[in-house]
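One-letter residues, chain by chain:
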Amino acid sequence: MNYKHYILSFVFVLCWSFVFSQSTKTDRETIEDIIEEIASSTDEELDYTTLFDDLNYFITNPLNLNTATKDQLEKLHILNDFQMNSLKAYIEKNGQLLSVYELQLVYGYSVDDIQKLFPFITVAVGEADNKFSLAKALKYGNHQLFIRTQVVTEEQTGYSEISDSLINAKPDSRYLGSNQKIYAKYKYNYKNFLAFGITAEKDAGEAFLKSSIHDSLKDEPFYDKLHNGFDFYSAHLQINDFGVVKNLCLGDYQVQFGQGLVIWSGLGYGKSPYVLTVKKQSPGIKKFSSTDENKFMRGVGTTLRYKNFDVSAFYSRKNVDANIAEIDSLDEEVVAVSALQITGLHATPSDIENKHAISESVMGGNITYNHQKFKVGMTAVNYLFGADLEKNVSPYNQFEFNSSQNSNFGFDYQFTLHDINFFGEAALSQNMGMAFINGAIMPIAPQVSIAIVHRNYQRDYQSYYGGAFGESSKISNEQGFYIGAEILPYRKWKISTYFDTYTFPWLKFGVDAPSYGYDYLVQVDYSLSRYVNMYFKVKQEIKPENGSSEVTSIDPLIDVDNFKLRYHISYDVSKNLSFKNRVEYAFYEKGAEKSNGYLIYQDINYRPNKIPMTLSFRYAIFDTESYDSKIYAYENDVLYAFSVPAHYSKGTRYYLTLKYSLTGRIDLWLRYARTTYDDKETLGSGLDEILGNHKSEVKAQIRIKF
Amino acid sequence: MNKIFFALVMTLFSANIFAGNDINLNGARSAGMGFSSVMLSDVWSVSNNQAGLAFLENPSVGLNYRNSFMVNTLGYQALTMAMPIKNTGAFGLNVSYFGYSQYNESQVGLAYGKKLSENFSFGLKVNYVQTKLAEDYGKIGRAVAEAGILAKPTENMFVAAHLYNISRTKIADYTNETIPTIFRIGIGYTFSEKVLVTTEVEKDLKYSPIFKVGIEYQLVEGFFLRTGISTNPTMNSFGIGYKHKRIVADLAFVTHATLGLSSQISINFLF
């Protein structure tokens, strides 16, 4: 290590301590910011539990950058591949970091990145502590218990009174259970070595006690399938770094390999304002602790590490929901289903009929060879359903998976050459359908980095468990080319942009001809100071859908234009008070149908000095001409709950979230949210219909740490 | 099949992609960068923006061949020469031919570019363009003028504008068929010696504007990677370039979602 290194570090420590010292953000707020950034870009209510868990873990056990492995750095979800390599190269050349502020000297790290990393990292000189002992685990492990309940306060049709004769005639006309949603979770972890947890959930409308359902339904056949207690239970145990065992998962887990062409359960990032995050990190097998009731694995999975090889194998068997199409008249076995259900809702008699209708067995494995400069892997998966899937075949879906068993095989790679990181995967399904994805991420100048991705998914590639980069959610019938660039033109400014063009060589649902489209995003971030950040975002997507023709019976395709413009600013007014504002405009056009939409909101976050609480308040006004020009916005919620509601029609929405720390071990959350519509007399439809123009929701949550 | 395809191309898409007597943007370098070219300064400035000629240091000759959508009859070839003369400005000449025996367009043009100050130049060009249709239709020729400016406000930045067919010349009065008038403005920025990013907006008076973005990256000394996008219609382009002493060779591929692949190759020789 040379002197220059010391002096520079020292200078940076001085400067940077000053910059960071007045930070008012709590660590949890930083996690929220990161999740909000990801969530606000996808416009989908996804489950961010795993991401939250990973980041939350690092808050209590900050990652030592000097000894962190690449796997661990990947779990931060903040760094791209280039930054990870750059850090490793820096440490190799200059010796271990002396302070986290020294990151500023590492090529490829912006001020913004370091601010984001801050709560999750530390720097300590020395060797990694990777010895596991059971005694320590039992003594120092930490336990957390969560209980949450939430309820819509207005009466919805599905819960209203009904006469015996009416419900007998139409059993599906009311929900079986109460309108409360209840969620309970226990988790234990000891550093990164051992994790154990149980999750239980009852959705609104699901019956908790068998006896509580409408008396006249108790003779119906579905009654025998009901059971007392929560509708969904999940449990997991994960052990890491125990000798040759890199990890071992028992119970519920998720599997993510390669670039996701073969298998990728759980959250996968697609296009977002993180324009360079296009490569998947292939974390392998890891615990599942969220509440997606269908897409997870249940059984056992493990990864063994021997020298440079990682060998993984897993087996899962569970029952999944499906619409029953045919039952064998003799032994009453289900022989065919028309669709697999993924909502996880079991609130009506027919939901109960479909619940766990067929078995699903999945087995697979992966072999990866890790080298400092490159990594190659092979993944194979085989799955078998207890009955034939018999979808209604129409021209558009004739190439999709439609039987009871399938296998996928994939080969993936990544390597670095001249600072350019190449990656990709090629995969094959049992019917010989193929899919390819190839890409590269390159820092081409200190201020410019670009990412390119090309994918070619054939129309007959069938992958039920995959989740790869692309425009459609299915990995088939798509060719596309993506290019993204991140440019840091001046200090405090950042431009992120991507442009993606794609063709769908075969028909799609609602698109009766081969088609093509494109979308792009330009986001300009400006950090006026540590306390004032703003960005301006433009996003547009143009792709065709079926139009309607009065002349012929064939619907011609017409372009659908979705355009969004957003200005967002967040600023600290004082040490205790911070504000956020957003103005968003949406424009939708499909032939002669046009509609505009606006959303404006004000956020207030307040943290008093003396009381251990935080208060988040939002008031939003929205006015959209139709549902097509709806606008999504991420909302602050209680821990482990995520809401990204769509704002449409004309009205206002506000919420108030309160967190109060009773003691160091007990935290309470309370949340009230209400949307009022100006131009509606009833809301929702079917069983969720509300006779009134407002919808309110109350949530309460407690966390006990011990 | 080929004929049907050709007819489809000509009737449906020709307007946007290469309308008759359209401006012929030359060189596989600009093609690899989404056709953004107004701010570049090389031998192809003779066609792309004559103001760029003023910044040339060596006399040079270039050959360019382009094929659109793998259709035989959609070939384009051009020969270009540029000659900088100290204190006088730079002269340029280009000859080009597009089409085949039944339909073709040929063009001859003389260009001139001059620096007005150390970092600002202008350029002019006069072309004679001739369109020929087989059989009884015959041929028709017209003169077309174009002009451009190019500025380097800072060491790393190029800003340029160009106008094609200043006089809005028509091919024939009785059909009111005009040669397009096209206005282009663009900015280029070199982030380092290795990286050039370009953007350009092209507006044909009759059509929606075309936006273009391009990146050129010097992977190793003398070897360039390029990519770019242009809109209306959306086309992705990719290119490579190799420079060895006095020879520059560039290759570009452009993809169109419906019509497929086009390719372009150009070779320049610097004296």
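Note that the structure is predicted; figures quoted are calculated from it, not measured.

Q: Would you mind going over the overall build of chain B with me for this structure?
A: A count of helices and strands for chain B gives 3 helices and 16 strands. Whereas a compact globule of 271 residues would reach a radius of gyration of roughly 18 Å, chain B reaches 18 Å, a difference of no more than 12%. Considering only C-alpha atoms, chain B reaches an extent of 55 × 35 × 35 Å along its principal axes. For chain B, the residues scored as buried account for 51% of the 271 residues in total. Considering only intrachain contacts with a sequence separation of at least 6, the fraction spanning at least 24 residues in chain B is 47%. Here chain B has roughly 12,600 Å² of accessible surface; of this, 64% comes from carbon and sulfur atoms. Once the 22 positive and 18 negative side-chain charges of chain B are each reduced to a mean point, those two points are 3 Å apart.

Q: What is the right way to read the overall build of chain A from this model?
A: Scanning chain A from N- to C-terminus turns up 9 helices and 34 strands. The C-alpha atoms of chain A give 26 Å as radius of gyration, which agrees with the globular expectation for 706 residues (27 Å, within 12%). Taken over the C-alpha atoms alone, chain A extends approximately 85 × 65 × 55 Å along its principal axes. Contacts in chain A between residues at least 24 apart in sequence constitute 62% of all its contacts with a sequence separation of at least 6. Accessible surface for chain A amounts to roughly 32,100 Å². Of this, 58% is attributable to carbon and sulfur atoms. Mean positive and mean negative side-chain charge positions of chain A (71 and 85 charges, respectively) differ by 10 Å.

Q: How do you make sense of the sheet that holds strand 15 (residues 388-389) of chain A when you look at a structure like this?
A: Adjacent strands of a sheet form backbone hydrogen bonds with each other and so pair up, either parallel or antiparallel. All names here are of chain A. Ordered in space as 11-12-15, the 3 strands form an open sheet in which the pairing is mixed. The sheet is open, and its two edges are formed by strand 11 (322-327) and strand 15, each paired on a single side. Both strand 12 (residues 334-340) and strand 15 contribute to a ladder of 2 bridges, which runs parallel. Bridge assignment links A336 to a residue of strand 15, and that residue is D388.

Q: Honestly, the nonpolar core in this entry has me stumped. Any pointers?
A: Where a protein is soluble and globular, its nonpolar side chains tend to be buried together. Residues and elements named next belong to chain A. Membership of the largest hydrophobic core comes to 43 residues, with the highest contact counts inside it found for L261, I263, F314 and I358. With residues up to four places along the chain from it excluded, the contact list for I358 reads K318, N319, V320, A322, V334, V337, L340, F385, G386 and A387. Ranked by size, the runner-up nonpolar core spans 41 residues in total, among them L55, L65, V100 and L639.

Q: Hey, could you run me through the packing of aromatic side chains in this one?
A: How two aromatic rings sit relative to each other is set out by the distance from centre to centre and by the angle between their planes. Throughout the structure, instances matching the rule amount to 41 aromatic pairs over all chains. With 6.1 Å between their ring centres and 70° between their planes, Y383(A) and F401(A) make a pair best called edge-to-face. Of this pair, Y383(A) sits in strand 14 (residues 374-385) while F401(A) is found in the loop between strand 15 and strand 16 (405-417), placing the two residues 18 residues apart along the sequence. Assessed through its relative accessible area of 0%, Y383(A) is described here as buried. Each ring, one from F91(B) and one from Y112(B), has its centre 5.0 Å from the other, and the planes form 40°; the classification is tilted. Taken together, the positions of F91(B) in strand 3 (residues 89-100) and Y112(B) in strand 4 (residues 103-117) put the pair 21 residues apart, joining distant regions of the chain.

Q: Whenever I open this one, the pairing of strand 2 (residues 75-85) of chain B confuses me. Can you help?
A: Consecutive residues of a regular strand have side chains that alternate between opposite faces of the sheet. Residue and element names in this part refer to chain B. Relative to strand 2, strand 1 (residues 60-67) is paired through 8 bridges, and the arrangement is antiparallel. Residue pairing in the sheet places Y65 in a bridge with Q77 of strand 2. Counting the residues in the hairpin turn of strand 2 and strand 3 gives 3 residues, including N87, whose phi is positive at 65°.

Q: Sorry if this is basic, but what is going on with the environment of T154(B) here?
A: For T154(B), the location among the structural elements is in the loop between strand 6 (138-151) and strand 7 (157-164). Placed 35 residues apart in sequence, T154(B) and Y189(B) show a C-alpha to C-alpha distance of 9.5 Å.

Q: Sorry, what's going on with the environment of F481(A) here?
A: Mapped onto the secondary structure, F481(A) falls in strand 20 (residues 478-487). Excluding residues within four positions of it along the chain, F481(A) makes contact with I452(A), V453(A), H454(A), R455(A), F499(A), D500(A), T501(A), T227(B), N236(B) and F238(B).

Q: What should I look at first to understand the pattern of salt bridges in this one?
A: Side chains that differ in sign of charge can pair as their charged atoms come close. The tally for this structure, following the rule as stated, stands at 34 salt bridges over all chains. Across the salt bridge formed by K391(A) and E400(A), the nearest N and O atoms sit 3.1 Å from each other. By relative accessible area, E400(A) is classed as buried at 19%. D250(B) serves as the salt-bridge partner of R226(B), at 3.0 Å between the closest nitrogen and oxygen. Of this pair, R226(B) sits in strand 13 (residues 223-230) while D250(B) is found in strand 15 (residues 247-256), placing the two residues 24 residues apart along the sequence.

Q: Explanation requested: the interface of chain B and chain A in the structure shown.
A: One frequently used descriptor of interface size is the decrease in accessible area upon assembly of the parts. Between chain B and chain A, the contact holds 16 residues from the first and 17 residues from the second. With both chains or domains summed, chain B and chain A bury close to 1,600 Å², and 77% of this area falls on carbon and sulfur atoms. Inspection of the region where chain B meets chain A yields 0 salt bridges. Between chain B and chain A we count 2 residue pairs in polar contact (both at pLDDT 80 or more) in total. Elements with a contribution of two residues or more to the side of chain B that touches chain A: strand 10 (182-192), strand 12 (210-220), strand 13 and strand 14 (235-244) of chain B.

Q: Looking at this model, I keep getting lost on the confidence of the model for chain A. Mind explaining?
A: Low-pLDDT portions of the prediction should not be read for the details of their coordinates. The predicted model of chain A averages 86 in pLDDT, with 92% of residues at 70 or higher. Every residue in residues 12-24 of chain A is under pLDDT 50, and counting partners more than four places away or in other chains gives 22 contacts.

Q: Explain the pairing of strand 11 of chain A here, please?
A: All names here are of chain A. Of the strand pairs in this sheet, strand 11 and strand 12 are connected by 5 bridges, and their pairing is antiparallel. Directly across from E326, in strand 12, lies its bridge partner A336. Remark: 6 residues form the turn of the hairpin made by strand 11 and strand 12, two consecutive strands paired antiparallel; E332 in that turn has positive phi of roughly 60°.

Q: Explain a nonpolar patch on the surface here, please?
A: Residues and elements named next belong to chain B. Taken together, the side chains of L63, L79, M81, L93, V95, V108, L110 and Y128 make up a nonpolar region of the molecular surface, amounting to roughly 690 Å² of accessible area. Of all the elements in the fold, those that place two or more residues in the nonpolar patch are strand 2, strand 3 and strand 4. Among the structural elements, M81 can be located in strand 2.

Here is what the cut-offs are and how they apply
- Residues numbered from 1 in each chain as written.
- Chains lettered and ligands numbered in written order.
- Predicted model: local features only at pLDDT ≥ 70, side-chain atom pairs only at ≥ 80, totals over all residues.
- Heavy atoms only, no water.
- Helix = DSSP H or I, 4+ residues; strand = E, 2+ residues; numbered from the N terminus.
- Rg over C-alpha atoms; globule rule 2.2 N^0.38 Å.
- Buried < 20%, exposed > 50% of the residue type's maximum accessible area, 1.4 Å probe, protein only.
- Contact = heavy atoms within 4.5 Å.
- Areas by Shrake-Rupley, 256 points an atom, 1.4 Å probe, with all protein chains shown as cover.
- Lys, Arg positive; Asp, Glu negative; His and termini not counted.
- Charge placed at Lys NZ, Arg CZ, Asp CG, Glu CD.
- Pairing = 2+ DSSP bridges.
- Core = buried A, V, L, I, M, F, W, Y, C linked by side-chain atoms within 4.5 Å.
- Phe/Tyr/Trp six-rings, centres within 6.5 Å; stacked < 30°, edge-to-face > 60°.
- Salt bridge = Lys/Arg side-chain N within 4 Å of Asp/Glu carboxyl O.
- Buried area = accessible area lost by both parts, 1.4 Å probe.
- Polar contact = N/O pair within 3.5 Å; in protein donor to acceptor, adjacent residues only side chain to side chain.
- pLDDT = per-residue confidence, 0-100.
- Patch = residues over 30% accessible without salt bridge, like charges linked within 9 Å, V, L, I, M, F, W, Y side chains within 5 Å.

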